[in-house]
Amino acid sequence: MTEAILLVGGKGTRLRPLTVNTPKPMVPAAGVPFLTHQLARARAAGVEHIVLATSYLAEVFEPHFGDGSSLGLRIEYVTEDEPLGTGGAIRNVSSRLVSAPDEPVLIFNGDILTGLDIPALIDTHRTSGADVSLHLTRVTDPRAYGLVPTDADGRVQAFLEKPQTPEEIVTDQINAGAYVFRRSVIDAIPVGRPVSVERETFPELLASGAHLQGMVDSTYWLDLGTPQAFVRGSADLVLGRAPSPAVPGRCGDRLVLPSARVAPDAKLTGGTVVGDGAVVGEGARVSGSAILAGAVVEPGAVVTDCLIGAGARVGARSVLTGVVVGDGASVGADNELRDGVRVWCEASIPAASVRFSSDQ
C-alpha cells in the first residue's frame, strides 16, 4: 500500500462557526490541524502518496502542507468545482493515482478520528480478494448510522439506511468511513456528476455480485461532525486516548504550545490545549477545552468543554460550558453561557448580558 485518497471537501456546516473561515479538516485539534493527524497516521502505516480531494476553501490546504515532504509524504491536490459527493470526489482524483487496476487504494473520510489498524485493513483486503474492503465499527446506538451486516466470514450482506424501528436494527456494525478500493472499482465510478459511495456505489456493487469485505475494528472511533465531538476528540488526543504521532508534545492533562502564556495559578485539566499566542489569565479554570491561536481567557473565567476560536476573547469571571466561540468573537465579563450556545465569528456580547442563574 503506497497511496491513498483523503476526502476533505465538505463544508462542515454542523461545525459552524468553526468552519466559517476554516475548512473542517484544518480546524486545530490538539494543537495542529486535524488533517495533520490523519496524514501522520497514514504515513506511519506505510502510505507514501496521498491525493487530497478538496472543495470548500480549497485554497487553504496547499499553503499549509505543500508537497508533503515535511511529513514524509508526496501530497497532490484536486479541487471539485461543484460538490460531487463521496463517490464523485473519489472518481474526480483518479487521474492522479499511480496504482495498477488490481492494486489497492486506501480512502479516508476527512472528519473521522480513529485508532484503526490500517495495515490490518489492507491485509484483510488482500487476503480476502475483495473489490472493496470497509472499516466497520460497533456502536451502542446505531440509529443515527447506516448499518452494514456481514456474514461469518466478514463478507458484507447489505447496506441498510438509518433504522427507524427496533426491528430494523439487525446489527450494531456501521460504516466507519475508511475503505480500501481495488483501483479498477474507482475507475468504474461515473464521471462528472455527484455520486454517493454509501447510497449508490456500494449497493450497486453488492447487487452486481462484487465482493465487499467488512473488517470490524472497535478501537477508538469518533465522528468529529459536531462542535461537542470535535472538542472531545481534541481532548482525547491530548490525553492519549486517541492515538496520533502528530500531537506536538507529550500526552497528558494539558497541552500548552510554546508561544502561549498561562498564568501560574490558572488550572488546565481534561486534555485542554492552549494554542500559539493564546493567553490564559490569573485564576482561570479551563477543562477539556481547546483555546485556539491568539485567543484570550481573562482572569477568573471558567471554561469547560468549549472551543474558543482564533483571536476570540472570554471576559473575566465569565462561565462557559459546552460553548463554541467563533474566531474573533468577544464574550464580555460576567456572562454565563451554557451547552449548545454558538457565538458567531466577530460577534460581541457585552459584559453581564447573558446569564442562566441569578447575579448573586
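Residues numbered from 1 in each chain as written. Predicted model: local features only at pLDDT ≥ 70, side-chain atom pairs only at ≥ 80, totals over all residues. Heavy atoms only, no water.

Undergrad: Tell me about the nonpolar core, residues and numbers included.
TA: By size, the foremost hydrophobic cluster in this structure holds 28 residues, and its most contacted members are Ile 5, Ile 90, Ile 107, Leu 134, Phe 181, Phe 202 and Leu 212. Broken down by secondary-structure element, the contributors of at least two residues to this core are strand 1 (3–7), strand 4 (49–54), helix 3 (85–92), strand 6 (104–109), strand 8 (132–138), strand 9 (173–182), helix 5 (183–187) and helix 6 (197–207). Apart from the residues lying within four places of it in its own chain, the contact partners of Ile 5 are Val 51, Ile 90, Val 93, Leu 97, Val 105, Leu 106, Ile 107, Phe 108 and Ile 186. Val 274, Ala 278, Cys 306 and Val 343 belong to the second-largest nonpolar core, a separate cluster that totals 26 residues. (Core = buried A, V, L, I, M, F, W, Y, C linked by side-chain atoms within 4.5 Å. Buried < 20%, exposed > 50% of the residue type's maximum accessible area, 1.4 Å probe, protein only. Helix = DSSP H or I, 4+ residues; strand = E, 2+ residues; numbered from the N terminus. Contact = heavy atoms within 4.5 Å.)

Undergrad: Explain helix 7 (residues 227–239) residue by residue, including any values.
TA: Every α-helix carries 3.6 residues per turn, so stepping three or four residues along brings you back to the same face. Compared with an ideal rise of 1.5 Å per residue, which puts 13 residues at 18 Å, helix 7 spans 18 Å between its outermost C-alpha atoms and is within 8% of the ideal. Burial of helix 7 is extensive: 10 of the 13 residues sit out of reach of the surface. If you check which residues of helix 7 are buried, you get Pro 227, Ala 229, Phe 230, Val 231, Gly 233, Ser 234, Ala 235, Asp 236, Leu 237 and Val 238. A positive phi of about 90° marks Gly 240, the residue just after helix 7. (Expected span 1.5 Å × (residues − 1).)

Undergrad: An account of the side chain of Glu 200 is needed here, citing residue identities and associated values.
TA: Residue placement: Glu 200 occurs in helix 6. Owing to a relative accessible area of 19%, Glu 200 belongs among the buried residues under this scheme.

Undergrad: I'd like to hear about helix 1 (residues 34–44), residue by residue, with values.
TA: Counted residue by residue, helix 1 has nine buried out of 11 residues, so it is predominantly covered. All of the buried residues along helix 1 are Phe 34, Leu 35, Thr 36, His 37, Gln 38, Leu 39, Ala 40, Arg 41 and Ala 42. Two residues or fewer past helix 1, Gly 46 is found with a positive phi of approximately 105°.

Undergrad: Outline the side chain of Arg 183, listing residues and values.
TA: As for its position among the elements, Arg 183 is in helix 5. A polar side-chain atom of Arg 183 sits 2.8 Å from the main-chain carbonyl oxygen of Ser 99. Arg 183 has contacts with Ser 94, Leu 97, Val 98, Ser 99, Ala 100, Pro 101, Glu 103 and Val 105, leaving out every residue within four places of it along the chain. (Polar contact = N/O pair within 3.5 Å; in protein donor to acceptor, adjacent residues only side chain to side chain.)

Undergrad: Any details on the sheet that holds strand 8? Residues and values, ideally.
TA: With mixed pairing, seven strands are arranged side by side in an open sheet as 5-4-1-6-9-8-10. The open sheet has two edge strands, strand 5 (74–79) and strand 10 (212–216), and neither has a second partner. Here the average twist between neighbouring strands, direction ignored, is 25°. Pairing analysis gives six bridges linking strand 4 to strand 5, with the strands arranged parallel. Bridge pairing in strand 5 places Ile 50 opposite Ile 75. Strand contacts of helix 3: strand 1, strand 4, strand 5, strand 6 and strand 9, with the helix running at about 140° to strand 1, the strand carrying the most contacts. The strands touched by helix 4 (residues 118–128) are strand 6, strand 8, strand 9 and strand 10; relative to strand 9, the strand with the most contacts, the crossing angle is about 65°. (Pairing = 2+ DSSP bridges. Axes fitted to C-alpha atoms, helices over the stretch in contact; angles between N-to-C directions.)

Undergrad: Got a sec to walk through the environment of Asp 253? Specific residues and values, please.
TA: Its place among the elements puts Asp 253 in the loop between helix 7 and strand 12 (254–256). Owing to a relative accessible area of 40%, Asp 253 belongs among the partly exposed residues under this scheme. A sequence separation of 15 residues divides Asp 253 from Val 238, and the C-alpha atoms of the two residues are 7.0 Å apart. In this structure Asp 253 touches Val 238, Leu 239, Leu 268, Thr 269, Gly 270, Gly 271 and Thr 272, once residues within four positions along its chain are discounted.

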